[in-house]
Amino acid sequence: MEAAPKVIVDTWLSRLGLTASLPVTLASLTTIIRAHLDRIPFENLTVFCGDVPEIGIDALATKILHAKRGGYCVELNPLLCAGSRSLGFDARLCMARVLWQRDVPGPRSHCLCIIRLDGADYLVDVGFGGPGPTEPFMLGSDSPDLRTEHRAGLGTVLSRQVAEGDWRDLYAFTDEVTTMSDVQAGNWLAATLPGSLFTRTLIVTRHIGDTRLVLEGATFRKFAKGRAPEVWVLQTPEAVLSCLREAFDLDPPPELTDALIDKGIF
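Here the residue numbering is sequential within each chain, running from 1 through the sequence in written order. Reporting in this predicted model follows two pLDDT cut-offs: at least 70 for local features of residues, and 80 or more for side-chain atom pairs to be given and counted; totals over whole chains, interfaces and linings ignore these cut-offs and use all residues. Each side-chain value is derived from all of the structure's non-hydrogen atoms; neither hydrogens nor water enter the calculation.

Chemist: So, empty space enclosed by the protein: which residues are in play, and what are the values?
Modeler: Only protein atoms enter the calculation, which uses a 1 Å grid: trapped sets of points that fit a 1.4 Å probe without letting it out are cavities, open sets showing protein on both sides within 12 Å along at least five of seven lines are pockets, and any residue with an atom within 4 Å of a point is a lining residue. Grid points are joined across faces, edges and corners, and a volume is the space filled by probe spheres set on the points. In total, this model carries one cavity of 30 Å³ or more according to the counting rule given. Every residue lining the largest cavity is counted, 17 residues in all, and those nearest its centre are Leu-37, Val-126, Phe-128, Gly-129 and His-207. Think of it this way: any DSSP run of H or I at least four residues long counts as a helix, any run of E at least two long counts as a strand, and we number them from the N terminus. Looking at the lining of the largest cavity element by element, the count peaks at three residues for strand β9 (residues 203-208).

Have a look at this one:
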């Protein structure tokens, strides 16, 4: 992934509420990731509405930075990678197999970012949608909630502890070279594969501090650390549009109402 042009980087940082004076440090990277998860939600609106997103840097800027939208992994992490490279970070993309909520590993369709900093590789991911890392995670390290381990046939596996002693695998990746053609293939697969979750239902997530907001179909959930989840079942397409605007700060596309009806959400 090439570095983004300055005009795009400036707009990207403005969308994140940050400035271009960020030094190349772990603290800066952590600030960027947290702002990304807060300000630019994960969402599959384009795919749900029947289109395949364009993932060139200009198309990403038009949609995410100017049209007040979010995206999914093959949009959000390339934008992060290109912006980070422009700030001086040693960033590269990587494709992974999703393991979360699957009986068998999925195809290499999930895009994440690896950033090398001070001699260590950090996994950064602002496009998982599920309970992924919310700050840079150093490969080979453990935290109370995340860990990585090598498994034969899969490579590096990232897992999360969802309850005391209950670890669930999120995804697996290798050191194989990743090019934008790999990302394009993952994008096409996620957006067109018959039965793909992204084509069947609406999925939108946002992290605000320790609170995670999730809209799946017509069900809106709020997960706050130390509290029981709050759940609302939205009754109309108009209520979904309002939720996207008010809870996720998104401008939904005009074709979304028809898609919600045509795909049986209402």
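Still more ground to cover, so stick around.
Chemist: Give me a negative patch on the surface: which residues, what numbers.
Modeler: A contiguous patch of negative charge on the surface is contributed by Asp-51, Glu-255, Asp-258 and Asp-262. Position of Glu-255 among the secondary structure elements: in the loop between α8 (237-246) and α9 (256-262). What makes a patch is a set of residues exposed beyond 30% relative accessible area and free of salt bridges, joined within 9 Å when like-charged and within 5 Å when nonpolar (Val, Leu, Ile, Met, Phe, Trp, Tyr). In this description, accessible areas are obtained by the Shrake-Rupley approach with a 1.4 Å probe, and a residue is regarded as covered only by the protein chains that are shown. By salt bridge we mean one thing: a side-chain nitrogen of Lys or Arg within 4 Å of a carboxyl oxygen of Asp or Glu. All tallies of charge rest on Lys and Arg as positive and Asp and Glu as negative; His and the ends of each chain are not included. Think of each charge as sitting on NZ of Lys, CZ of Arg, CG of Asp or CD of Glu.

Chemist: Outline the pattern of salt bridges, supporting the account with residue identities and numerical values.
Modeler: Scanning all chains against the criterion turns up 12 salt bridges. The closest approach of N and O atoms between Glu-75 and Lys-63, which form a salt bridge, is 2.6 Å. With a gap of 12 residues between them, Glu-75 in helix α5 (residues 73-87) and Lys-63 in helix α4 (residues 57-66) connect regions that are remote in the sequence. Comparing Glu-75 with Lys-63 shows no difference in burial state: the two are buried. One salt bridge connects Asp-169 with Arg-151, and the closest N-O pair in it is separated by 2.8 Å. Of the two residues, Asp-169 is situated in strand β8 (residues 166-173) and Arg-151 in strand β6 (residues 146-151); the sequence distance between them amounts to 18 residues. Whether a residue is buried, partly exposed or exposed follows from its accessible area with a 1.4 Å probe, protein chains only, as a fraction of its type maximum: under 20%, in between, or over 50%, in that order. A relative accessible area of 25% places Arg-151 in the partly exposed class. Overlapping salt bridges bring together Arg-92, Arg-116 and Asp-121 as one network.

Chemist: Lay out the environment of His-36 in plain terms, naming residues and giving numbers.
Modeler: Mapped onto the secondary structure, His-36 falls in helix α2 (residues 26-39). Between the alpha carbons of His-36 and Pro-252 there is a distance of 19 Å; along the sequence they are 216 residues apart. Sequence-distant contacts of His-36, that is, excluding residues within four places in its chain, are made with Trp-12, Leu-16, Leu-76, Leu-80 and Val-126. It only takes one pair of heavy atoms within 4.5 Å for two residues to be counted as in contact.

Chemist: Outline unusual backbone geometry, supporting the account with residue identities and numerical values.
Modeler: In this structure, Lys-68 takes a positive phi of about 55° despite not being glycine. One can find Lys-68 in the loop between α4 and α5. Even without being a glycine, Asp-118 presents a positive backbone phi close to 55°. Secondary-structure assignment places Asp-118 in the loop between β3 (108-117) and β4 (120-124).

Chemist: Account for the sheet that holds β9, naming residues and giving values.
Modeler: Taken together, the five strands give an open sheet; going across it, the order is β1-β9-β10-β11-β12, and neighbouring strands pair in antiparallel fashion. Whereas interior strands pair on both sides, the edge strands pair on one side only; in this sheet they are β1 (42-43) and β12 (230-233). For two strands to be treated as a pair, DSSP must find at least two bridges joining them. By the bridge criterion, six bridges tie β9 to strand β10 (residues 211-216) in an arrangement that is antiparallel. Considered in β10, the bridge of Ile-208 is made with Thr-211.

Chemist: Please give an account of the nonpolar core that cites residues and values.
Modeler: Residue types Ala, Val, Leu, Ile, Met, Phe, Trp, Tyr and Cys, when buried and joined through side-chain atoms within 4.5 Å, form a set referred to as a nonpolar core. Among the nonpolar cores identified, the biggest contains 47 residues, and Trp-12, Ile-32, Tyr-72, Leu-80 and Leu-87 are the most heavily contacted of them. When contributions to this core are tallied by element, the ones reaching two or more residues are α1 (6-16), α2, α4, α5, β2 (90-98), β3, β4 and α6 (180-192). A total of eight residues in this core trace back to one element, the largest contributor, which is α5. With residues up to four places along the chain from it excluded, the contact list for Leu-80 reads Trp-12, Ile-32, Ile-33, His-36, Cys-113, Val-124 and Val-126.

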